[in-house]
Every structure is written in structure tokens, then in C-alpha cells.
Amino acid sequence: MRGEACRRVRPPRLRAFCTSQVDHVLTALLTAAIMDVIGGVVTIELREDQVPIVAGLPGVLRMASGPCAVAYGSSQFLRAWTEVPGFRLLT
């Protein structure tokens, strides 16, 4: 029964409402820490110029292109991305 109840838990949906570079980095690192505890995959919307940068990072599970490019990744991906100069989350 306990395992069954765990499967019904929906992961939290976090949104970035950041105003400074520090806010962007802290939001990403906090999300990565939460993912380490509860698991899950992060979905990140990307600007067009971020796509080639993000594609080569560790922990990227899948990329989707289109009018709004998206990357799906692990906590490892989020941590790696924060190390890239000019890192920013879309808000």
C-alpha cells in the first residue's frame, strides 16, 4: 500500500520569477536539490541561443525544438547549466 501511495504523488511545479543572476542560480540549485530528494525530471524552456549550449551538457535527457525549445534533464543538468557563463532561466 505504501508504494502505491507514493506513485500517486505529483511532483511540484516550480516556476522561476527571478530578477537577478543570483536568483536564477539559486532557483536552479534549489530545484536540483529537491530533485535529488524526490526524483523527477526538469523541463526548461530555452531561448534560441541557449539550445546549442544546453544540448552538450551532462544530464540532458531529451531536447524538443519548435516555436519554444525545451530541454528535459536531471539535477545534474541543472547544476552543469548554472556553471555556463550567462546562465539564465526563462521567466
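Residues numbered from 1 in each chain as written. Predicted model: local features only at pLDDT ≥ 70, side-chain atom pairs only at ≥ 80, totals over all residues. Heavy atoms only, no water.

1. Looking at the overall build of the protein
Move 1: Looking only at helices and strands, one finds 4 helices and 3 strands in the protein.
Move 2: Secondary structure elements of the protein, listed N to C terminal, follow the sequence α-α-β-α-β-β-α.
Move 3: In the protein, which comprises 91 residues, the proportion classed as buried is 31%.
Move 4: Taking all contacts inside the protein whose residues are at least 6 apart in sequence as the whole, residues at least 24 apart take part in 59%.
Move 5: For the protein, the accessible surface area stands at approximately 6400 Å², while carbon and sulfur atoms represent 57% of it. (Helix = DSSP H or I, 4+ residues; strand = E, 2+ residues; numbered from the N terminus. Buried < 20%, exposed > 50% of the residue type's maximum accessible area, 1.4 Å probe, protein only. Contact = heavy atoms within 4.5 Å. Areas by Shrake-Rupley, 256 points an atom, 1.4 Å probe, with all protein chains shown as cover.)

2. Thoughts on a nonpolar patch on the surface
Move 1: A cluster of nonpolar side chains, contributed by Val41, Leu61 and Tyr72, occupies part of the molecular surface with about 280 Å² of accessible area.
Move 2: For valine 41, the position within the fold is in the loop between α2 (21-38) and β1 (42-46). (Patch = residues over 30% accessible without salt bridge, like charges linked within 9 Å, V, L, I, M, F, W, Y side chains within 5 Å. Salt bridge = Lys/Arg side-chain N within 4 Å of Asp/Glu carboxyl O.)

3. Side note on the pattern of salt bridges
Move 1: Applying the stated rule across the entire model yields 2 salt bridges.
Move 2: The salt bridge partner of arginine 79 is aspartate 36, with a shortest N-O separation of 2.5 Å. Taken together, the residues arginine 79 in helix α4 (residues 75-82) and aspartate 36 in helix α2 connect sequence positions 43 residues apart.
Move 3: In this structure arginine 79 comes out as partly exposed when scored by relative accessible area, which is 33%.

4. So, the confidence of the model for the protein
Move 1: With 76% of its residues at a pLDDT of 70 or more, the protein shows a mean pLDDT of 81.
Move 2: pLDDT under 50 marks residues 1-9. Its contacts with residues more than four places away, or in other chains, come to 0 contacts. (pLDDT = per-residue confidence, 0-100.)

5. Description of the side chain of threonine 82
Move 1: Tracing the chain through its elements places threonine 82 in helix α4.
Move 2: Within polar-contact distance, the side chain of threonine 82 engages the backbone oxygen of arginine 79 at 2.7 Å.
Move 3: What threonine 82 contacts, discounting residues up to four positions off in sequence, is Val25, Ala28, Leu29 and Phe87. (Polar contact = N/O pair within 3.5 Å; in protein donor to acceptor, adjacent residues only side chain to side chain.)

6. Regarding the nonpolar core
Move 1: Within the largest apolar cluster, 17 residues are counted, with the highest numbers of intra-cluster contacts made by Ile44, Leu46, Val54, Leu57, Phe77, Leu78 and Trp81.
Move 2: At the level of elements, α2, β1, β3 (69-73) and α4 are the ones that each hand at least two residues to this core.
Move 3: When residues of this core are assigned to their parent elements, the largest contribution, 4 residues, is made by α4.
Move 4: Excluding residues within four positions of it along the chain, isoleucine 44 makes contact with Ala69, Val70, Ala71, Phe77, Leu78, Trp81 and Leu89. (Core = buried A, V, L, I, M, F, W, Y, C linked by side-chain atoms within 4.5 Å.)

7. Description of the environment of isoleucine 34
Move 1: Among the secondary structure elements, isoleucine 34 is positioned in helix α2.
Move 2: Exposure remark for isoleucine 34: the relative accessible area of 29% places this residue in the partly exposed category.
Move 3: With 41 residues separating them in the primary sequence, isoleucine 34 and serine 75 have C-alpha atoms 8.6 Å apart.

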